[in-house]
Structure formats: C-alpha cells, structure tokens
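# Structure at a glance
For reference, the chains in residue letters:
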Amino acid sequence: MSLADVKYLPETPAHDPEIEAINDEAFGPGRFVLAAYKIREAGGHERSLSFVAVDGNIVVASVRMTRIAAGAGRALMLGPLAVRPAFKNLGIGRRLVAIALEAAAKTGAPAVMLVGDEPYYGPLGFKRIPRGQISMPRPVDLDRLLSHEIAPGAVARLLGEVCHADQARVADPAAAMA
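Nothing here was measured: the structure is a model prediction, and the numbers come from that model.

Moving on, we get to the layout of surface pockets. One simple way to see leftover space: roll a probe sized like a water molecule over the atoms. Roughly 710 Å³ of volume is contained in the largest pocket. In terms of lining, the largest pocket is formed by 29 residues, of which the most central are F27, L81, V115, Y121 and R144. Every element with two or more residues in the lining of the largest pocket is listed here: α1 (16-27), α2 (35-41), β4 (73-83), α3 (92-106) and α4 (118-121). Element by element, the count of residues in the lining of the largest pocket is highest for β4, at 6 residues. In this structure, the second largest pocket spans a volume of roughly 180 Å³. Forming the boundary of the second largest pocket are E20, N23, R31, F32, Y37, R40, E41, G44, H45, R64 and P80. For the lining of the second largest pocket, the secondary-structure elements that each account for two or more residues are α1 and α2.

As for its position among the elements, S50 is in the loop between α2 and β2 (51-55). Relative accessible area serves as the criterion here: at 0%, S50 is assigned to the buried category. At a separation of 3.1 Å, a polar atom in the side chain of S50 contacts the main-chain amide nitrogen of M65. Among all residues touching S50, those that are not within four sequence positions of it are L9, P10, E11, H45, V63, R64 and M65.

Each value, and the rule that gives it
- All residue numbers here refer to positions counted from 1 along the written sequence of the relevant chain.
- For a predicted model such as this one, the threshold for reporting local features is a pLDDT of at least 70, and the threshold for listing and counting side-chain atom pairs is 80 or more; totals across whole chains, interfaces and linings nevertheless cover every residue.
- Heavy atoms throughout the structure, all of them, feed into the side-chain values; hydrogens and water do not.
- The method works on a 1 Å grid over the protein atoms by themselves. A cavity is a set of points holding a 1.4 Å probe that cannot get out, a pocket is an open set with protein on both sides within 12 Å along at least five of seven lines, and residues with an atom within 4 Å of a point line them.
- Grid points are joined across faces, edges and corners, and a volume is the space filled by probe spheres set on the points.
- Helix and strand assignments come from DSSP, with helices taken as H or I runs of at least 4 residues and strands as E runs of at least 2, each series counted from the N terminus.
- Only protein chains enter the area calculation, which uses a 1.4 Å probe; residues under 20% of their type maximum are buried, those over 50% are exposed, and those in between are partly exposed.
- Polar contact criterion, stated in full: a pair of N or O atoms within 3.5 Å, where within protein one must be able to donate a hydrogen and the other to accept it, and residues adjacent in sequence count only if both atoms are side-chain atoms.
- The criterion used for residue contact is that any of the two residues' heavy atoms lie within 4.5 Å.

The structure is reproduced here in structure tokens:
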C-alpha cells in the first residue's frame, strides 16, 4: 500500500456498512453511550460534509460532520474520525480532518467542535473551549471539548448544552449563524 493509492471521496450511502465496521473496530460497542453519539442520534450527520479514504475499493478511514447548536450558536461537530489499524499513523486521519474543515468553511459553517485529544487535534487548528461554556448531554471530559473557529466570535456564541441542530430551540436560527 502506498499513500498515493489512497483516494479521498465524499461519503455515500454505499460506504455505510464499511464505516460502521471501522467505527466498531475503533470504538467498540461502548461508543453508543458517549455524549457525541447521543447528539448524532437526534438527527444524523451531514453526508455532504462527511468523507472517506479508500484504498482501491476498500474504505480505510472516515470522518463525519453533524450540525449542532448550543444556545444561540451553531456549528458542526466533527466525528467520529476512525482509521483502520493497518492505515494508522500515515496522515490519513489528519487529511480527512483537513478536507472536512475545508468543506465546512465553503458552506459557511461558523465553527467546528469535537470531543477529542488536544495533542492530536491542536496542530489541526483546534483549541479548548473554555470550561463551563458548553456542556454535553452525557458526561464528558471538559478538557476534550475542542473547537476550530471559522467565523470570528462563533465559538463564543456556543453556550449551554450542545444538541443536534434539529433539536435546537432558537426562534431565529439564521441569526445564530451570523
């Protein structure tokens, strides 16, 4: 396998079984009790902002994005990001994150947040969200709440409990994107 053989593509429904297998391999069944999964269950992910890495016809990694809300703020939540073990530490995950962030910016998303490790995501442009600014619907290590701001001030507008954007209770969602 050569990195030159790996192609990065928009996710399609045909990729779903392989993505599920990769996520199961990477995170196991315990992933379904995590805060981020609870948010995703409320409305699903944005397929147009989700990507796969393929080697030939085999999906070797994937990243998904989900629309979220917290208070008047709106953003995308990145994850899960998963790479098959034989393809780890080759830069494939980082490339998928870069592709997803570029796509988010092109659509006008104000920010991207995630639950992850700062040493991995920090060099990709993510910073800790100040403790107490947001909360998750299930327990989470607050030091793992990270954001990548696209529009100035967008992260500061994320306040309170994070939910899927379809569940948000803001009278004017367009104003939240401003």
